[in-house]
Amino acid sequence: MVIGYITYGSWLAKQWGVDASRETPAITQGDGVDYVAAPPSVLMGHHFSSIAGAGPISGPVQASVFGWLPVFLWCVIGGIFFGGVHDFGTLFASVRHGGKSIGEVIGGSMGRRTKRLFIVFALLVLVLVIASFVNVVAGTFMTADDSGVSVLTTDPNGQQTTAMVSILFIVLAIMYGLLTNKVGMETGPAIIIGVIGIVVSIIIGMNVGVAFGRTTWIYLIGVYISVASLIPVWIMLLPRDYLSSFLLYAMMGVAIIGIVFSALAGTAPFQIPMFTGWSSKIGNLFPTLFITVACGACSGFHSLVSTGTSSKQLDNESHAKPIGYGAMLVESALGVISLIAVGMVFDKYIAGGFGSPAEAFASGIGIMFGREDSAIYKSIYSLLTLTVSAFALTSLDTGTRLGRFMVSELFLNEGEKTYKDATGIRRVLADPIVGTAFMVVVGCTLGGLSLSQIWALFGAANQLLAGIALMAVAAWLGDIGKNNKMFYLPMAFMLIATLTSLIMTILNKVKGLSAGTLDGPMWGHYFQLAFAVAMVVLAIILVIEGIGTFRKQAINRETSNVEKA
């Protein structure tokens, strides 16, 4: 991965024409709310925290049922040649389009109709993102039934600790943002205060917890992400993600120390077979592996983060490579670490001995340091579980903000920069408050339902978005005469894999509904069927438009070559 970053990453930057002397939208359009030039280290923290979350842990752990070799190869090859190209390319394309979303990139090369179709497609994915994480966060924080009264407890369990630390992190982030942006404190001293604040937050959370019911948490989360979506990024989004990234870096550091220690000492056997076969309990290797690993190799959600928030805070084009390409490779490395971690407890994981992939990950790292009944194991297990859980909120408020941007773009005409430039009903619909309300209401409503009915679609929809985002950047680079051939294979592969997965879902649902053999609430199966059909139809239309664009570009190149000759 390091070799890939130094060689392939640098080659990509040269091929695309990354220019350090060119001003970025954060400079030319700075507004102190969404467009804010951030120091590279701070933006890296936001970007990495937003694209990572629990994704590179859950995906590789679940995919480990195919054996370690397929997962390892996909994390490495996918990270360097698929995900890295995807993240770097979408970030760079957005910067060159005024910090706008990938929909604007598509609009410039494929037309206004295609742009709006893509935005609708991306909003469907974001609704699933918000619904999924609302459900996960509410379930993780839930410590009392809905009829109970909220309480503070001085003997907190894991859920109460996670909830309290997450709340304290929000307060700490606001304090950090005020210190660095209003008081003018230098980054160095602020980081020291921030790290001390993280330690204090964890200590408090370990001793004082907060308890609410699931429904109450859903309402509170809805209020939180509504506010987080509308306030300036420097108040909470950037500082919270930056401070949270220290937890993620620390988690990776502890994991690497454990891996090296246990490998040299031979204290923990690696239990995953190299290859278990082409099929498993979660599906066939193709396309299931490439859908399941997701963030550990390539994820469409990354394109929304790159073009929604990160591109608006990039202070220099030269930083697009470390933040776009580099963060993806670090995430792939975390995917490999997760694979090694579950390898320590694979027999127990495959037997259903853990409640979630995050628990298997934490247990695998903990057992590298000591037996399950040892104090060091229990400490590491608790801290790692807490770290993974605390990251769920980063994807939530980032996703809501991205949705707010895209709802506005959907109703703005060419030349209109904000909702204030629009007229009539479009001015109302493009208002940030309306976009935020739509994402929160729909996302939280779905988030209050069964997670299994939502999550089953999210993986394929997310990866399908990656394929379309790759197509969008390739079309734009072709339009401006830059080399775009490195996009063709990743684009085609991701589109084929994800469309195959969605079509299989449609066929299975139709068959199951006809035979009456499906378990659970019927609404969930009909919801999945309708959603999958909508995604496939939209994707096919977008792919047809993309093929047409590539053909026109090829014809124009041939005509130009003939004229030159």
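Structural data are supplied above this passage.
From a predicted model like this one, the values you see are computed outputs, not experimental measurements. (Residues numbered from 1 in each chain as written. Predicted model: local features only at pLDDT ≥ 70, side-chain atom pairs only at ≥ 80, totals over all residues. Heavy atoms only, no water.)

### Points about the overall build of the chain
Rule in force here: Helix and strand definitions follow DSSP, with helices as H or I runs of at least four residues and strands as E runs of at least two, each counted in order from the N terminus. With the radius of gyration taken over C-alpha atoms, the globule rule is written as 2.2 Å times the number of residues to the power 0.38. Working rule for contacts: check all heavy atoms of both residues, and any pair within 4.5 Å makes them a contact. What sets the accessible areas is the Shrake-Rupley method with a 1.4 Å probe; for residues, cover comes only from the shown protein chains. In this charge count, Lys and Arg are treated as positive and Asp and Glu as negative; neither His nor the chain ends contribute. Every charge is mapped onto a representative atom, which is NZ of Lys, CZ of Arg, CG of Asp or CD of Glu.
The helix and strand tally for the chain stands at 23 helices and four strands. Taken over C-alpha atoms, the radius of gyration comes to 23 Å for the chain, in line with the 24 Å a tight globule of 565 residues would show. Expressed along its principal axes, the backbone C-alpha trace of the chain runs to roughly 75 × 60 × 50 Å. When contacts within the chain are restricted to residue pairs at least 6 apart in sequence, those whose partners lie at least 24 apart make up 84%. For the chain, the computed accessible surface area is about 22,000 Å², with 67% contributed by carbon and sulfur atoms. On the chain, the mean spot of the 31 positive side-chain charges and the mean spot of the 29 negative ones are 6 Å from each other.

### Some points on a nonpolar patch on the surface
Heads up, the rule is: Grouping into patches uses exposed residues only, defined as over 30% relative accessible area, and leaves out salt-bridged ones; the cut-off is 9 Å for like charges and 5 Å for nonpolar side chains (Val, Leu, Ile, Met, Phe, Trp, Tyr). By salt bridge we mean one thing: a side-chain nitrogen of Lys or Arg within 4 Å of a carboxyl oxygen of Asp or Glu. Partly exposed describes any residue whose relative accessible area lies between the buried limit of under 20% and the exposed limit of over 50%, with all areas from a 1.4 Å probe on protein chains only and scaled to the type maximum.
On the surface, Phe72, Leu73, Ile77 and Phe81 cluster together into a nonpolar patch covering about 330 Å² of accessible area. Topologically, isoleucine 77 is positioned in helix 5 (residues 68–95). When its relative accessible area of 41% is taken as the criterion, isoleucine 77 is described as partly exposed.

### Details of helix 11 (residues 237–265)
We count it as follows: Expected span of a helix: the number of residues minus one, times 1.5 Å.
The terminal C-alpha atoms of helix 11 lie 42 Å apart, and with 29 residues this matches the ideal 42 Å at 1.5 Å per residue to within 8%. Taken from the residues just after helix 11, glycine 266 is the one with a positive phi, measuring 65°.

### Some thoughts on the nonpolar core
What counts is decided by this rule: By nonpolar core we mean a set of buried residues, namely Ala, Val, Leu, Ile, Met, Phe, Trp, Tyr and Cys, connected to one another through side-chain atoms within 4.5 Å.
Ranked by size, the top nonpolar core spans 169 residues in total, and within it Phe121 and Ile468 carry the most contacts. Ignoring anything within four residues of it in the chain, the contact list for isoleucine 468 reads Ile106, Phe118, Phe121, Leu495, Ala539 and Leu542.

### Some thoughts on the layout of surface pockets
Defined as follows: Both cavities and pockets are sets of points on a 1 Å grid over the protein atoms alone; in a cavity a 1.4 Å probe fits but cannot get out, in a pocket the set is open with protein on both sides within 12 Å along at least five of seven lines, and lining residues sit with an atom within 4 Å of a point. Grid points are joined across faces, edges and corners, and a volume is the space filled by probe spheres set on the points. Throughout, the ten residues Ala, Val, Leu, Ile, Met, Phe, Trp, Tyr, Cys and Pro are labelled nonpolar, Asp, Glu, Lys and Arg are labelled charged, and all others, Gly among them, are labelled polar.
When its volume is computed, the second largest pocket comes out at roughly 940 Å³. Taken together, 32 residues make up the lining of the second largest pocket; nearest its centre are Lys100, Leu412, Glu416, Lys417 and Thr418. Put simply, the parts of the chain that give the lining of the second largest pocket at least two residues each are helix 6 (102–110), helix 7 (112–141) and helix 18 (392–411). The dominant element in the lining of the second largest pocket, judged by the number of residues it contributes, is helix 18, at four residues. In the lining of the second largest pocket, the residues fall into eight nonpolar, eleven polar and 13 charged.

### Side note on the packing of aromatic side chains
Applicable threshold: Pairing of aromatic side chains requires ring centres within 6.5 Å, counting the rings of Phe and Tyr and the six-membered ring of Trp. Pairs whose planes differ by under 30 degrees are stacked, by over 60 edge-to-face, and all others tilted.
Inspection of the entire model under this criterion finds 26 aromatic pairs. Aromatic side chains phenylalanine 82 and phenylalanine 493 sit 5.8 Å apart centroid to centroid with 80° between the ring planes, which places their arrangement in the edge-to-face category. A residue pair is termed long-range when its members are at least 10 positions apart, and phenylalanine 82 in helix 5 and phenylalanine 493 in helix 22 (residues 488–515) qualify at 411 residues. Assessed through its relative accessible area of 8%, phenylalanine 82 is described here as buried. With a centroid separation of 5.9 Å and an interplanar angle of 70°, the aromatic rings of tyrosine 488 and phenylalanine 550 are classed as edge-to-face.

### Notes on unusual backbone geometry
Note the cis peptide between phenylalanine 286 and proline 287, where omega equals 10°. Secondary-structure assignment places proline 287 in helix 12 (residues 285–292). Of note in the backbone geometry, alanine 294 takes a positive phi value of approximately 50° without being a glycine. Its place among the elements puts alanine 294 in the loop between helix 12 and helix 13 (301–313).

### Points about the packing of helix 14 (residues 320–344) against helix 16 (residues 357–369)
As a reminder of what qualifies: Here, axes are lines fitted to C-alpha atoms. For helices the fit covers the stretch in contact, and angles between N-to-C directions go from 0 to 180 degrees. When describing relative orientation, an angle under 35 degrees is termed roughly parallel and one over 145 degrees roughly antiparallel, while 65 to 115 degrees is termed roughly perpendicular and anything else oblique.
For the pair helix 14 and helix 16, the least separation of the axes is 7 Å and the interaxial angle reads 75°. As the angle between them shows, helix 14 and helix 16 are arranged roughly perpendicular. On helix 16, the residues that touch Ile337, Ser338, Ile340, Ala341, Val342 and Met344 of helix 14 are Ala360, Phe361, Gly364, Ile365, Ile367 and Met368.

### A word on the pattern of salt bridges
Summed over all chains, the structure comprises ten salt bridges. A salt bridge links aspartate 34 to arginine 401, with the nearest nitrogen and oxygen atoms 2.8 Å apart. With a gap of 367 residues between them, aspartate 34 in the loop between helix 2 (25–28) and helix 3 (40–52) and arginine 401 in helix 18 connect regions that are remote in the sequence. Residues aspartate 34 and arginine 401 agree in their burial class; the two are buried. A salt bridge links aspartate 241 to arginine 240; its shortest N-O distance comes to 2.8 Å. The class for aspartate 241 is buried, based on a relative accessible area of 0%. Because the salt bridges share partners, they merge into one network encompassing Asp34, Arg401 and Arg404.

### Topic: helix 1 (residues 2–16)
Spanning 15 residues, helix 1 covers 21 Å between terminal C-alpha atoms, matching the ideal 21 Å at 1.5 Å per step. Residues Gly4, Tyr8, Gly9, Leu12, Ala13 and Trp16 constitute the buried set of helix 1. One or two steps after helix 1, the chain reaches glycine 17, where phi turns positive at roughly 85°.

### Side note on the side chain of serine 109
We apply this condition: As used in this structure description, the phrase polar contact means that two N or O atoms lie within 3.5 Å; if the pair is within protein, one of them must be able to donate a hydrogen and the other to accept it, and residues adjacent in sequence are counted only when both atoms belong to side chains.
For serine 109, the position within the fold is in helix 6. What makes serine 109 buried here is its relative accessible area of 13%. In this structure the side chain of serine 109 is engaged in a polar contact, spanning 3.4 Å, whose partner is the backbone oxygen of valine 105. Setting aside residues up to four positions removed in sequence, serine 109 forms contacts with Ala472, Ala475, Trp476, Asp479 and Thr549.

### Overview of empty space enclosed by the protein
Under the definition given, this model contains two cavities of 30 Å³ or more. The computed volume of the second largest cavity comes to approximately 40 Å³. Around the second largest cavity, the lining residues are Ser101, Leu304, Thr307, Gly308, Leu402, Phe405 and Met406. Put simply, the parts of the chain that give the lining of the second largest cavity at least two residues each are helix 13 and helix 18.

### Structural notes on the state of the cysteines
Which entries qualify depends on this criterion: The disulfide definition used here is simple: a pair of cysteine sulfur atoms within 2.5 Å.
Tallied over the full model, the rule gives zero disulfides. Its sulfur unpaired, cysteine 295 is 9.5 Å from the next cysteine sulfur, which belongs to cysteine 298. Of the residues examined, cysteine 295 reaches a relative accessible area of 10% and is grouped as buried. Judged by its relative accessible area of 1%, cysteine 298 is buried.

### What to know about the environment of threonine 498
Mapped onto the elements, threonine 498 comes out in helix 22. For the pair threonine 498 and asparagine 462, spaced 36 residues apart in sequence, the C-alpha separation works out to 8.8 Å. Those residues within four positions of threonine 498 in sequence are excluded, and the remaining contacts are Ile291, Ala460, Gln463 and Leu464.

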